[in-house]
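# Fold and contact review
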Amino acid sequence: MANILHVDTSPRGERSISRSLTKEFVSTWLQAHPGDKVTYRDIGHNPIPHVDEAWIAGAFSPPDQRTPELEAALKISDELIDELVAADIYVFGAPMYNFGISSVFKAYVDQVARVGRTFTITQNGFEGLLKNKKALVITARGGSFAQGTPLAQYDFQEPYLRTLFGFIGVTDVNFIHAENLSGDGTREKSLIAAREAIDKLVTTA
Ligand SMILES: Cc1cc2nc3c(=O)[nH]c(=O)nc-3n(C[C@H](O)[C@H](O)[C@H](O)COP(=O)(O)O)c2cc1C
């Protein structure tokens, strides 16, 4: 039995493609693994705060030296990290915004990439602390940034998220990109391809 953490980051609701695809992945997955448990977090509709001065002071103070104010500043970070620690599989829905992730997703990243909790510093450099996790990121994009095309170099979403997840210890990361969503003629084809990729991933997992 696995614990799944499902996180949506699009500010859109019914019209969001990334939301519809993460939902489809989770329901397809649960049909194949009915005993698995899902924790859902919607940061697209319930944005989490940016880190601030108290957060930074708290994160870089030893836990036993934190004042109640610093503890309070880290509360949401602790909650989000506890969810990551408790889950075995992560599913993120991520719209591409200006070639990267949305600002709400970046605020989430800043809350969860935390020394002593998700990474540590050793004599050999940084070490990620989230072990034995798998992640799936389903992106939604107006255009196409496919490998081998001239626009591939503008994709700051997948390389950034791969680096970030790797930094906190998550190296088994799959991406499904729903691309060309702005074109009327290409949208349906892209959605069919994304759904097929979801089915394949569930079948081969
Ligand atoms: C602020 C903003 C910036 C965007 N930037 C890009 C971009 O850089 N590249 C791209 O292909 N699409 C871009 N898009 C289109 C979105 O990626 C596309 O609409 C996607 O479906 C959004 O995800 P969602 O449907 O889950 O909300 C942008 C859309 C918005 C609203």
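Structure: see above.
Here is a short report on the structure shown in this document.

Rules used throughout
Residues numbered from 1 in each chain as written. Predicted model: local features only at pLDDT ≥ 70, side-chain atom pairs only at ≥ 80, totals over all residues. Heavy atoms only, no water. Pairing = 2+ DSSP bridges. Helix = DSSP H or I, 4+ residues; strand = E, 2+ residues; numbered from the N terminus. Axes fitted to C-alpha atoms, helices over the stretch in contact; angles between N-to-C directions. Contact = heavy atoms within 4.5 Å. Core = buried A, V, L, I, M, F, W, Y, C linked by side-chain atoms within 4.5 Å. Buried < 20%, exposed > 50% of the residue type's maximum accessible area, 1.4 Å probe, protein only. Near = heavy atom within 4 Å. Polar contact = N/O pair within 3.5 Å; in protein donor to acceptor, adjacent residues only side chain to side chain. Areas by Shrake-Rupley, 256 points an atom, 1.4 Å probe, with all protein chains shown as cover. Nonpolar A, V, L, I, M, F, W, Y, C, P; charged D, E, K, R; others polar. Expected span 1.5 Å × (residues − 1). Arc of directions from axis to C-beta.

## Here's the deal with the sheet that holds strand β2 (residues 37-42)
Taken in spatial order, the 5 strands line up as β2-β1-β3-β6-β7 in an open sheet, and their pairing is parallel. Of all the strands in the sheet, the pair left with one neighbour each is β2 and β7 (172-178). Strand-to-strand, the axes of this sheet are offset by a mean angle of 15°, without reference to chain direction. Looking at chain direction, strand β1 (residues 3-8) and β2 are connected through 6 bridges and run parallel. Each bridged residue has a counterpart across the sheet, and for D8 the counterpart in β2 is D42. Where helix α4 (residues 75-86) meets the sheet, its contacts fall on β1, β2 and β3 (89-95), and the angle it forms with β2 comes to roughly 150°. Sitting on the sheet, helix α7 (residues 184-204) is in contact with β6 (134-140) and β7, with an inclination near 155° to β7.

## Section: the nonpolar core
By size, the foremost hydrophobic cluster in this structure holds 27 residues, and its most contacted members are Y90, F92, F105, Y108, V137, F165 and V170. Going through the elements one at a time, β1, α4, β3, α5 (103-112), β6, α6 (158-167) and β7 are the ones with two or more residues in this core. Not counting the four nearest positions on each side in its chain, V137 is found in contact with F92, A94, L161, F165, V173, N174, F175 and I176. Residues A2, V91, L181 and I198 belong to the second largest nonpolar core, which totals 19 residues.

## Re the site of the ligand
Residues in contact with the ligand amount to 16 residues; listed here are only the nearest, S10, R12, S16, S18 and M96. A distance of 2.7 Å separates an oxygen atom of the ligand from a polar side-chain atom of S16. When isolated, the ligand has an accessible area of 640 Å², and the protein chains bury 72% of it. Grouping the constituent residues of the shell around the ligand by class yields 8 nonpolar, 6 polar and 2 charged.

## Describing the environment of V26
If you trace the backbone, V26 turns up in helix α1 (residues 17-32). What makes V26 buried here is its relative accessible area of 8%. Not counting the four nearest positions on each side in its chain, V26 is found in contact with H6 and V38.

## Focus on α7
Given a rise of 1.5 Å per residue, 21 residues ought to cover 30 Å, and the 31 Å separating the end C-alpha atoms of α7 matches this to within 8%. Along α7, the positions that sit buried rather than exposed are S190, L191, A194, I198 and V202. Projected down its long axis, α7 carries its buried residues within an arc of 105°, all on one side. In this structure, α7 carries G185, K189, E196, K200, T203 and T204 as exposed residues pointing more than 90 degrees from its buried face. Contacts from the buried residues of α7 go to α1, β6 and β7.

Any functional reading would require information that these geometric values do not contain.
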